[in-house]
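Residue strings, one per chain:
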Amino acid sequence: MEKVKKMVLIGASGFVGSALLNEALNRGFEVTAVVRHPEKIKIENEHLKVKKADVSSLDEICEVCKGADAVISAFNPGWNNPNIYDETIKVYLTIIDGVKKAGVNRFLMVGGAGSLFIAPGLRLMDSGEVPENILPGVKALGEFYLNFLMKEKEIDWVFFSPAADMRPGVRTGRYRLGKDDMIVDIVGNSHISVEDYAAAMIDELEHPQRRACLHAARGPDRPRDHSRAVSAREQAAVGARLRVRRRRESEHDAARARRARASGACLLYTSDAADDKA
C-alpha cells in the first residue's frame, strides 16, 4: 500500500477531530480540514488547509476529497441533536459515496463503543446500560457499521471504536491489538484518552493492521473537567462497568480481566474483517 501523504479530515474542529488534527500535523501530514465553521480552527500550519463544506452534499464531499490519499471522518451531528440517529446514518452514507466518487480508496471513521461486545452475543448498545439521552447517537454509529459499512466492498475502510470512556488526558502512545470484545482493567474500567485514540488512529493510517482490532493501554489519571460530549461517553462507561463486573463472575471472564489488567479499550473494524464475517 502506498504511503499516505495527503489526508482529508472531516469534522476537524470537534472533540475527537481536533485531537486527530493535532496528531496528523505533528507527524507531517498534509491535512485538509473540513468543517462547518472554519473560524473554530485556530491552528496555523504550512501543511494545513481549512475548507468549509456541507457534509450532507455529495458534490461538496467529492470536491474536498479529490486528490487525497485517505479520508478520516470524525463527523458528529451533535449529541443534543434530536435527529442525531437519522442524520448520522444519512450523512455517513453521503460521505462514503463522496469518497468513492472522488476516487479515494482509503476511509477511516470515528466509531463508537456501542458496537463492542460486553458479553457473548451482546453489544453495549443493546445491553440496556447506555443512558437514554445518548442511546440514539450510540445506536446510529453501531447500526451504520453493522447494516451499511460491513456491506461496503468498493473501498478500504476502517471503523475505529474508542473505549466506553474517552476524555482529554495524556498521550502515552501505548496500545495493544485484540478482538471485538470490550477490554477492561481489573476493576472493570474501559477508558482511553482522546490523545491516545488519535495516536492509534493515525498509526493505523500509516501502518494498516488487517483483520485486527485495536485496544488502548491505560494511561495516567485524567482531568475531571471535560466537555458535555465527553461526559455523555462517561455516562455510558458507568453502565458498561456494571455489565462487565457481572460478566467477570464466571471463571473464564475473570481470567480475561486479569489479562487485561492494565488495559482500556478501543476497537477498529476493517473491510478485510468484514469479508471474513460475511
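None of the values given here were measured: they were computed from a predicted structure.

The rules we used
- Residues numbered from 1 in each chain as written.
- Predicted model: local features only at pLDDT ≥ 70, side-chain atom pairs only at ≥ 80, totals over all residues.
- Heavy atoms only, no water.
- Helix = DSSP H or I, 4+ residues; strand = E, 2+ residues; numbered from the N terminus.
- Buried < 20%, exposed > 50% of the residue type's maximum accessible area, 1.4 Å probe, protein only.
- Contact = heavy atoms within 4.5 Å.
- Areas by Shrake-Rupley, 256 points an atom, 1.4 Å probe, with all protein chains shown as cover.
- Core = buried A, V, L, I, M, F, W, Y, C linked by side-chain atoms within 4.5 Å.
- Salt bridge = Lys/Arg side-chain N within 4 Å of Asp/Glu carboxyl O.
- pLDDT = per-residue confidence, 0-100.

Some words on the overall build of the protein
Then, number 1: Across its full length, the protein carries eight helices and 13 strands.
Then, number 2: Counting over 278 residues, the protein shows a buried share of 55%.
Then, number 3: Sequence-distant contacts in the protein: of pairs separated by 6 or more residues, those separated by 24 or more amount to 77%.
Then, number 4: Total accessible area computed for the protein in this model is approximately 12,500 Å², and 47% of it derives from carbon and sulfur atoms.

Here's the deal with the nonpolar core
Then, number 1: Counting residues in hydrophobic clusters, the biggest one holds 33 residues, and the most contacted among them are Leu20, Val31, Ile72 and Leu205.
Then, number 2: A per-element tally of this core places helix H5 (residues 194-206) first, with seven residues.
Then, number 3: Setting aside chain neighbours within four positions, we find isoleucine 72 in contact with Met7, Val8, Leu9, Ile10, Leu20, Leu108, Met201, Ile202 and Leu205.
Then, number 4: Within the second largest apolar cluster, 31 residues are counted, among which are Ile10, Ile89, Val104 and Leu149.

Digging into the environment of lysine 5
Then, number 1: If you trace the backbone, lysine 5 turns up in the segment before strand E1 (6-10).
Then, number 2: Overall, the relative accessible area of 55% leaves lysine 5 in the exposed class.
Then, number 3: Setting aside chain neighbours within four positions, we find lysine 5 in contact with Phe29, Glu30 and Asp69.

Considering the pattern of salt bridges
When their charged atoms lie close together, side chains carrying opposite charge are able to pair.
Then, number 1: Enumeration according to the criterion identifies 13 salt bridges in this entry.
Then, number 2: In this structure, glutamate 206 engages arginine 27 in a salt bridge whose closest nitrogen and oxygen atoms are separated by 2.6 Å. Highlighted residues: glutamate 206 in helix H5 and arginine 27 in the loop between helix H1 (15-26) and strand E2 (30-35), separated in sequence by 179 residues.
Then, number 3: The salt bridge partner of lysine 101 is aspartate 59, with a shortest N-O separation of 3.1 Å. Placement of the pair is lysine 101 in helix H3 (residues 84-101) and aspartate 59 in helix H2 (residues 58-65), with a sequence separation of 42 residues.
Then, number 4: Three or more residues joined by partner-sharing salt bridges are found here, namely Glu23, Arg27, Arg171, Asp203 and Glu206.

Quick notes on the confidence of the model for the protein
Detailed reading of predicted coordinates is not advised where the pLDDT is low.
Then, number 1: Model confidence for the protein is summarised by a mean pLDDT of 81, while 73% of its residues fall at 70 or above.
Then, number 2: Overall, residues 211-231 carries pLDDT values under 50, and its contacts beyond four positions in sequence, including any with other chains, amount to 75 contacts.
Then, number 3: Ignoring residues within four places in sequence, the model shows residues 256-265, a span with pLDDT below 50, making 40 contacts including any to other chains.

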